[in-house]
Amino acid sequence: MANQQSTLIDSISRERMIDTMERRVASVALTFGLAVGALILTGCATTEARISNNPEIYQRLSPRDQALVSQGQIRPGMSMDAVWLAWGTPDQKIPGERHGRPTETWMYVRYDTPYPSYGAPYYYGPFDWSYIPPKFPYLSKGVTFSSGRVVFFQHLPPPPP
């Protein structure tokens, strides 16, 4: 009788441990899913979304700049607001100086897979393999402002494979 009771207690304990582990896994998965969803929704805002969320900024632009911004393009002489609408929030802002005047350079980073996988797993270290390709950051474009206007901008090619 004691042996049956011990087996029953072990069985109940095992079920509780499994339930606890399943809840922890579900909680971590839910948290991860919400975080990824939030990043996707906020980090990947499009030009159209920025324009529709900030119509007053867009309406202040000249018709020429409105057309460029709508296509995600910029030009020399364009305002900081117009560049923000076209390209979004920069990953880094760097203060500087040009001809004795203060400048600000906005840098945009892109994340890309530099080479195809051909279906093989990626090796990250001992016991760490993945079929999800790694994403590497690289500087994709930059724009420099002086007195709040574009004085220079450049698109940079991705690094070679």
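Just above, that's the structure.
The following refers to the structure shown. (Residues numbered from 1 in each chain as written. Predicted model: local features only at pLDDT ≥ 70, side-chain atom pairs only at ≥ 80, totals over all residues. Heavy atoms only, no water.)

**Overview of the pattern of salt bridges**
Turning to step 1, where the next piece is worked out: Under the counting rule described, the total for this entry stands at 2 salt bridges.
Turning to step 2, where the next piece is worked out: The residue Arg60 makes a salt bridge to Asp81 at a minimum N-O spacing of 3.3 Å. One end of the pair, Arg60, is in helix H3 (residues 55–60); the other, Asp81, is in helix H5 (residues 80–87), with 21 residues separating them in the sequence.
Turning to step 3, where the next piece is worked out: Among the residues examined, Arg60 registers a relative accessible area of 58% and is labelled exposed.
Turning to step 4, where the next piece is worked out: For Asp81, a relative accessible area of 36% translates into the label partly exposed. (Salt bridge = Lys/Arg side-chain N within 4 Å of Asp/Glu carboxyl O. Helix = DSSP H or I, 4+ residues; strand = E, 2+ residues; numbered from the N terminus. Buried < 20%, exposed > 50% of the residue type's maximum accessible area, 1.4 Å probe, protein only.)

**A few points about H5**
Turning to step 1, where the next piece is worked out: Every buried residue of H5 is listed here: Ala82, Val83, Leu85, Ala86 and Trp87.
Turning to step 2, where the next piece is worked out: At its buried positions, H5 is contacted by helix H2 (47–53), H3, helix H4 (63–70), strand E2 (101–112), strand E5 (136–146) and strand E6 (149–155).
Turning to step 3, where the next piece is worked out: Directly after H5, the chain includes Gly88, whose backbone phi takes a positive value near 95 degrees. (Contact = heavy atoms within 4.5 Å.)

**Remarks on a nonpolar patch on the surface**
Turning to step 1, where the next piece is worked out: A contiguous nonpolar surface patch, about 250 Å² in accessible area, is contributed by Val109, Tyr111 and Leu139.
Turning to step 2, where the next piece is worked out: When its relative accessible area of 31% is taken as the criterion, Val109 is described as partly exposed. (Patch = residues over 30% accessible without salt bridge, like charges linked within 9 Å, V, L, I, M, F, W, Y side chains within 5 Å. Areas by Shrake-Rupley, 256 points an atom, 1.4 Å probe, with all protein chains shown as cover.)

**With respect to the pairing of E6**
Turning to step 1, where the next piece is worked out: Here E5 runs beside E6; their pairing, made up of 6 bridges, is antiparallel. Considered in E6, the bridge of Thr144 is made with Phe152.
Turning to step 2, where the next piece is worked out: Between E5 and the antiparallel strand that follows it, E6, lie 2 residues; Ser147 among them carries a positive phi value of about 55 degrees. (Pairing = 2+ DSSP bridges.)

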